[in-house]
Amino acid sequence: MKAKTREMAAEHALTAREAAVKAAKAKEEADVTAREAAAVVLRLFDNDAELVSELLGVPAEELEREAKPVTAARAKEIIESLRARAERPRTTRIRKPRADAADAASSTSGAPAPVATADNSRADAA
């Protein structure tokens, strides 16, 4: 019984240690990604830390501190990869119509529905 308890405790300690190492590695990777993202967004907004701070809801000092260790070359590399991704055409999947969506679509015409305006006149929903 005592040997089994020791064995289980050792396994538990080893598992916990492995989990802690894995979590520390994931945290470091996330920290690097966050620093790079801060550097990229600041660079894209011409280093206007106040504007980016307002947009993201993060203190400007924190953004600048996070971005500082990222090299300009690395920031440019990330920006180029984002631009390449943005220029890539997106593939669209053809969706099969669901039964309830098909029924709803057949009950409406192809013309836009009229919309009531503030003065209760009618306007097209285009």
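Keep in mind that what you see is a predicted model, and the values were worked out from it rather than measured.

Draft legend 1. Main features of the overall build of the protein chain. Secondary structure summary: the protein chain contains five helices and two strands in total. Across the protein chain, helices and strands are ordered from the amino to the carboxyl terminus as α-α-α-α-α-β-β. A sequence separation of at least 24 residues applies to 44% of the contacts in the protein chain between residues at least 6 apart. Counting only carbon and sulfur atoms, one obtains 56% of the accessible surface of the protein chain, whose full area is about 10,900 Å².

Draft legend 2. Structural detail: unusual backbone geometry. With phi around 50 degrees, D46 is a residue other than glycine that occupies positive phi space. When you line up the elements, D46 lands in the loop between α1 (2-44) and α2 (49-56).

Draft legend 3. Expanded view of the environment of I79. Mapping I79 onto the fold places it in helix α4 (residues 72-87). C-alpha separation for the pair I79 and A39, spaced 40 residues apart in sequence, amounts to 10.0 Å.

Draft legend 4. Focus on the pattern of salt bridges. Tallied over the entire structure, the rule returns five salt bridges. Measuring nitrogen to oxygen at the nearest pair gives 3.6 Å for the salt bridge that ties R35 to E28. A residue is classified by how much of its surface remains accessible, and R35, at 25% relative accessible area, is partly exposed. Residue E28 is classed as partly exposed on the basis of its relative accessible area of 42%. Across the pair R74 and E77 runs a salt bridge, and its minimum N-O distance is 2.5 Å. Here R74 and its partner E77 are both found in helix α4, three residues apart, which amounts to about one turn of the helix. Of the residues examined, E77 reaches a relative accessible area of 48% and is grouped as partly exposed. Among the ionic contacts, a cluster of salt bridges with common partners joins E36, R74 and E77.

Draft legend 5. Examining the side chain of S53 more closely. Here S53 shows up in helix α2. Reaching out from S53, the side chain makes a polar contact with the backbone oxygen of V58 at a distance of 2.5 Å. Sequence-distant contacts of S53, defined by excluding residues within four places in its chain, comprise V58, P59, A60 and L63.

Here is what the cut-offs are and how they apply
- Position labels on residues start from 1 in each chain and follow its written sequence.
- Totals for whole chains, interfaces and linings use all residues, but because this is a predicted model, local features are given only for residues with pLDDT of at least 70 and pairs of side-chain atoms are given and counted only at 80 or more.
- Here the side-chain values reflect all heavy atoms present in the structure, with hydrogen atoms and water set aside.
- In this description a helix means any DSSP run of H or I spanning at least four residues, a strand means any run of E spanning at least two, and both kinds are numbered starting from the N terminus.
- Working rule for contacts: check all heavy atoms of both residues, and any pair within 4.5 Å makes them a contact.
- For the area figures, the Shrake-Rupley method with a 1.4 Å probe applies, and any residue is considered shielded solely by the protein chains shown.
- When a carboxyl oxygen of Asp or Glu lies within 4 Å of a side-chain nitrogen of Lys or Arg, that pair is called a salt bridge.
- Partly exposed describes any residue whose relative accessible area lies between the buried limit of under 20% and the exposed limit of over 50%, with all areas from a 1.4 Å probe on protein chains only and scaled to the type maximum.
- Throughout this description, a polar contact denotes any pair of N or O atoms lying within 3.5 Å of each other; where both atoms belong to protein, one of them has to be capable of donating a hydrogen while the other can accept it, and for residues adjacent in sequence the pair is counted only when both atoms sit in side chains.

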